[in-house]
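# Chains, contacts and geometry: an overview
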Amino acid sequence: MVESFFDSLNEKQSQALRVPHDTVLQVVAGPGTGKTKLLVSRVAYLLLVCKLPPSDIIVTTFTKKAANEMKERLEKMLIDHPEIDLNRLQIGTFHSICFKYLKFYGKYIGLSKNVTIADTKDQRDLITTAIKNLDLDNVKDKRNTINEVKNFILKQKASGLFPDNVVTTTDTEAQYLQVYYEYQRLLAKHSALDFDDVLLHTDKLLQVRPECVSYVKHILIDEFQDTNDIQFNLMYKLSKYCSNSITIVGDADQSIYGFRNATYANFKKVETIALQRNQRFVKISLDQNYRSTNAILRLAENLMRHQTTRENKNLVSNNNLDTPVNYIKHRDEYDESCFIANRIYKIVNDPANKYTYNDVAVIVRVSRTFLAIEIDLTRRGIPYRIVKGLSFWELKEISMAVDCLRIVALNDWLAFKRVIEWFCAGCGAKLILKIEASVYSPEINKNDNVFEIVKSYVDGKLSGATAKAKQSLKQLISVIENCKLEIEKLTTLQCFEYIMTKFDLIDNVLKKKTSKKDEAEILSDINANIKELKNQIVNYDPEKDDLLQKAHEKTFIEQEMLNGGTDNKESENINDTIVDSSKLKFIQQFLEHVHLAEIVSSEVENDKGKVTLTTIHGSKGLEWSAVFIPSIVNNILPSKFALDQHDYFAPDSLIDEERRCFYVAITRAKEQLFLSTYDVVMNDIMVAKSSCFLDEIPKSCYKIISSFVTPSPTYGLGGMYVVQPKTFVVKKIVRHHSTATNIPPTVLGSTGMTYNPVTGAVVRPVNNNQPTSTYIKKEE
Ligand code: ATP
Ligand code: MG
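On a predicted model such as this, the values are computed, not experimentally measured, just so you know. (Residues numbered from 1 in each chain as written. Chains lettered and ligands numbered in written order. Predicted model: local features only at pLDDT ≥ 70, side-chain atom pairs only at ≥ 80, totals over all residues. Heavy atoms only, no water.)

This paragraph deals with the overall build of the protein chain. Along the backbone of the protein chain there are 30 helices and 25 strands. Going through the 780 residues of the protein chain one by one, you find that 53% of them count as buried. Here the analysis covers contacts within the protein chain between residues at least 6 apart in sequence; of these, 78% occur between residues at least 24 apart. Surface exposure of the protein chain reaches about 34,800 Å², of which carbon and sulfur atoms provide 51%. (Helix = DSSP H or I, 4+ residues; strand = E, 2+ residues; numbered from the N terminus. Buried < 20%, exposed > 50% of the residue type's maximum accessible area, 1.4 Å probe, protein only. Contact = heavy atoms within 4.5 Å. Areas by Shrake-Rupley, 256 points an atom, 1.4 Å probe, with all protein chains shown as cover.)

Note that the residue after Leu637, namely Pro638, is joined by a cis bond; omega there is 5°. Mapped onto the elements, Pro638 comes out in the loop between strand 15 (624–629) and helix 28 (640–645). With a phi angle near 50°, Ser191 is a residue other than glycine that sits in the positive phi range. With respect to the helices, strands and loops of the structure, Ser191 is situated in the loop between helix 8 (171–189) and strand 5 (192–194). The phi angle at Asp448 is positive, at roughly 50°, despite the residue not being glycine. Note that Asp448 resides in the loop between helix 18 (429–440) and helix 19 (450–458).

A few words on the site of ligand 1. Contacts to ligand 1 come from 19 residues, most closely from Gln13, Lys35, Thr36, Glu623 and Arg668. Note that an oxygen atom of ligand 1 is positioned 2.9 Å from one of the backbone N or O atoms of Lys37. Arg291 is positioned such that a nitrogen or oxygen atom in its side chain is 2.8 Å from an oxygen atom of ligand 1. Taking 640 Å² as the accessible area of ligand 1 by itself, protein coverage stands at 82%. In terms of residue count, the dominant contributor to the shell around ligand 1 is helix 3 (residues 35–48) (three residues). Partitioning the shell around ligand 1 into residue classes produces three nonpolar, 10 polar and six charged. Counting only domains with at least three residues in the shell around ligand 1, you end up with domain 1 (2–103 + 200–286) and domain 3 (294–387 + 603–707). (Near = heavy atom within 4 Å. Polar contact = N/O pair within 3.5 Å; in protein donor to acceptor, adjacent residues only side chain to side chain. Nonpolar A, V, L, I, M, F, W, Y, C, P; charged D, E, K, R; others polar. Domains from an automatic or database assignment.)

Bringing the sheet that holds strand 16 (residues 669–678) into the picture now. One open sheet accounts for seven strands, arranged 13-14-12-15-16-11-19; its pairing is parallel. Edge strands, defined here as strands with exactly one partner in the open sheet, are strand 13 (384–386) and strand 19 (702–705). Strand-to-strand twist of the sheet, defined as the mean angle between neighbouring strand axes without regard to direction, takes the value 25°. Relative to strand 15, strand 12 (residues 360–364) is paired through three bridges, and the arrangement is parallel. Paired with Val360 across the two strands is Ala626, which belongs to strand 15. (Pairing = 2+ DSSP bridges. Axes fitted to C-alpha atoms, helices over the stretch in contact; angles between N-to-C directions.)

Relative to each other, helix 5 (residues 94–105) and helix 24 (residues 542–562) sit at 50°, their axes nearing to 11 Å. By the criterion of interaxial angle, the relationship of helix 5 to helix 24 is oblique. Every pair of crossing elements has a handedness; the one defined by helix 5 and helix 24 is right-handed. Along its contact with helix 5, which presents Lys100, Tyr101, Phe104 and Tyr105, the element helix 24 presents His552, Glu553, Phe556, Ile557, Gln559 and Glu560. Along the lines of polarity and charge, the residues of the contact of helix 5 with helix 24 split into five nonpolar, two polar and three charged. (Parallel < 35°, antiparallel > 145°, perpendicular 65-115°, else oblique. Left-handed = near helix turned anticlockwise from the far one by under 90°.)

This part takes up the layout of surface pockets. Estimates place the volume of the second largest pocket at around 750 Å³. Lining the second largest pocket are 27 residues, with Val28, Ala252, Lys283, Glu311 and Lys313 positioned closest to its centre. Per-element accounting of the lining of the second largest pocket gives the leading share, four residues, to helix 11 (residues 265–276). Here the lining of the second largest pocket is built from residues that sort into 10 nonpolar, seven polar and 10 charged. (1 Å grid on protein atoms, 1.4 Å probe; cavity = no way out; pocket = protein on both sides within 12 Å on 5 of 7 lines; lining within 4 Å. Points joined across faces, edges and corners; volume = space filled by probe spheres on them.)

Counting buried positions over the six residues of strand 15 gives six, a clear majority of the element. Bridge analysis of strand 15 against strand 16 gives five bridges, and the strand direction is parallel. In the sheet register, Ile629 faces strand 16, and the bridge partner there is Leu675.

Enumeration over the complete set of coordinates arrives at 15 aromatic pairs. Seen from their ring centres, Phe232 and Tyr236 are 5.3 Å apart, and the 65° between their planes marks the pair as edge-to-face. Residue Phe232 and its partner Tyr236 are both found in helix 10 (residues 229–238); the two are separated by four residues, about one turn of the helix. Among the residues examined, Tyr236 registers a relative accessible area of 11% and is labelled buried. Of the aromatic side chains, those joined through ring pairs into one cluster are Tyr101, Phe104, Tyr105 and Tyr108. Cation over ring: Lys204 sits above Phe162, and NZ or CZ is 5.3 Å from the ring centre. In this arrangement the basic side chain of Lys269 is found over the ring face of Phe232, its NZ or CZ atom lying 4.5 Å from the centre. (Phe/Tyr/Trp six-rings, centres within 6.5 Å; stacked < 30°, edge-to-face > 60°. Lys NZ or Arg CZ within 6 Å of the ring centre and 35° of its normal.)

Running from amino to carboxyl end, helix 13 (residues 333–348) crosses helix 14 (residues 370–379) at an angle of 40°, the nearest separation of the two axes being 8 Å. Regarding the angle of helix 13 to helix 14, the classification is oblique. Crossing angle aside, the handedness with which helix 13 passes helix 14 is right-handed. Along the contact surface, helix 13 presents Glu333, Tyr334, Ser337, Cys338, Ile340, Ala341 and Ile344, while helix 14 presents Ala372, Ile373, Asp376, Leu377 and Arg379.

For the coordinates displayed, the defined rule picks out 40 salt bridges. The shortest N-O distance in the salt bridge between Arg418 and Asp125 comes to 2.8 Å. Taken together, the positions of Arg418 in helix 17 (residues 413–423) and Asp125 in helix 6 (residues 120–134) put the pair 293 residues apart, joining distant regions of the chain. The exposure class assigned to Asp125 is partly exposed, which follows from its relative accessible area of 25%. (Salt bridge = Lys/Arg side-chain N within 4 Å of Asp/Glu carboxyl O.)

If you want it as structure tokens, here you go:
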């Protein structure tokens, strides 16, 4: 079976596949040239031909989804080899692999086995507390400063620096460094690590105990262009005992994580280090593209010729389709989204294409572009899925739901504090600070039990709560106690629903939401998101995680034995803790899982599948038959930040990184690519301008198509809405007049657009009282 997979590789891929395993192998090649395919095959080769045990191989991918896909491919390839236990393969994101090491070996650097991950809101809260605790003049009470401090800390961590190793040059930096110290102290108090800490602590662990990875025989990294300093160093630490056995694949043109300090210069560094260490080093480049048509590749290459530093590429497509790339200039983003929905409908329902909705993606630079597109897709009845990144967990309803789960399942003050702030009337900042001081005090909080401390304020053992505060805290405590009691009797889904009902989550979220949307719409958003969270819970399979965890811990235990016995008492009980299947344990595992995974919608698909809506960063490594890239306008692509900061003389400017983003999006397309843009002038001010990147592409690289918008006669204020869905989609653009009574009730986002889903009318308020104009948009 596996031989046929190996046979499907081209000559250069096969050459790379068969490079001896004790070699530093670097495959640098353009999009769609089969780097990921080669990487997966090489894992199979190492297992099967080089006979490396799966536990001795580390494979890092950029997302958990990519890791799962690779594992599935390997399972298929190795179906005839049941003796190879793929569960023991160490495959996942850098973070998830490192977290497993920390869970087991963290004791050597003072971490508890129950260490948890602090999410973005925990980080923000802790930085705020750290600033308050230090009472620093410069950084007090300034919202921007919190962001600056956060960025300062993030930068140090991405460079692998704990506070002790940071060198500061200004007074402000010196103060930020103090906050960094205090922030780390607070994290430690909560037995928590933030996302970057996971890598930083693993780095520390492997300095102290390098023998933890003495069994590792090969490490493989996909999307290497997006590794930052700390990941780069970790790669060498994880491969300390086999530093000449590394496979890295990537493409400098697709480096789009510069904002997280990633740099493609790491390719060169690997080469230099290999030469210094006299290691066997092989560099292979692939130039046969198996994904896109020649038209797409030509357009992509012509765009990239504008990079300040880059070697030209000559990718050859094996796809002989001569479909041209389409370029459309629309009146505005609303015309654009209407066009996209119509066109998706058309291409999927055209039997000549044999596409399902699964074969189509809309790729955007910023997720707010989804808004208009979602409306038109819904109106057209086109199913879609949004690839949700971490932002999903930052939605109010989701983060509140997770906090409720956390306070029921964990001894977690960070979540408890927020829940008190949200739900408990009469508990002001002063009281919360007092409770926090008690929680932090080892003399008062002798049992390290947050719940007991809060209870002491209710029953008066600790003073400071008013009668009103006591009452509301008592209510909260009884809700938590009830939940703890009841959930063991319920199914997982019932248990989630019980907790949500007891905390009156939806009502509470509604009270907190500040949005221009009307209540019905907000409610429908909240319900949709909660439904997605329920899906995640229902589809979460703790057994699968247990199985993997067990497999990895087995490796770790065996390794400890080899390293001279174990002083790890907990390891003897490992099976007991894993077998524990109580609901609390389930929630704890689920929370750990969500912190390490980015979420992709898991709804059941219909026959024709769903269109994917994703950001460029979420589209890495993926491909679709037809790709739409909307809103290619200045301040979106390239971003406003990049345009504002642009230094034309810098060798690798922010604009270059934006261009690479555009390149990544373009090269996701296999057959059909639609680039669209618009110029919008309002009150003589240009509010949106077609992107400077489009000017860089020669006109011969695309075919201009029209969006068929024809202005109709003006109806005047209060004019009628005409709907003929079969032949026309009517768009009515009304300049707002204060006496207008017929403005549809639904308010969209911050643009102030109003939209009537029944009539299809879109109303745009403008400050002056100009007459109404109406356009009829003819469907193609
Ligand atoms: P990216 O840079 O976007 O991550 P990549 O170089 O990793 O791209 P892959 O995703 O591995 O490219 O491959 C792109 C497509 O080409 C996939 O559909 C893959 O199955 C196919 N492919 C790769 N190599 C071959 C080959 N030798 N023969 C046929 N198809 C191939
Ligand atoms: Mg790839």
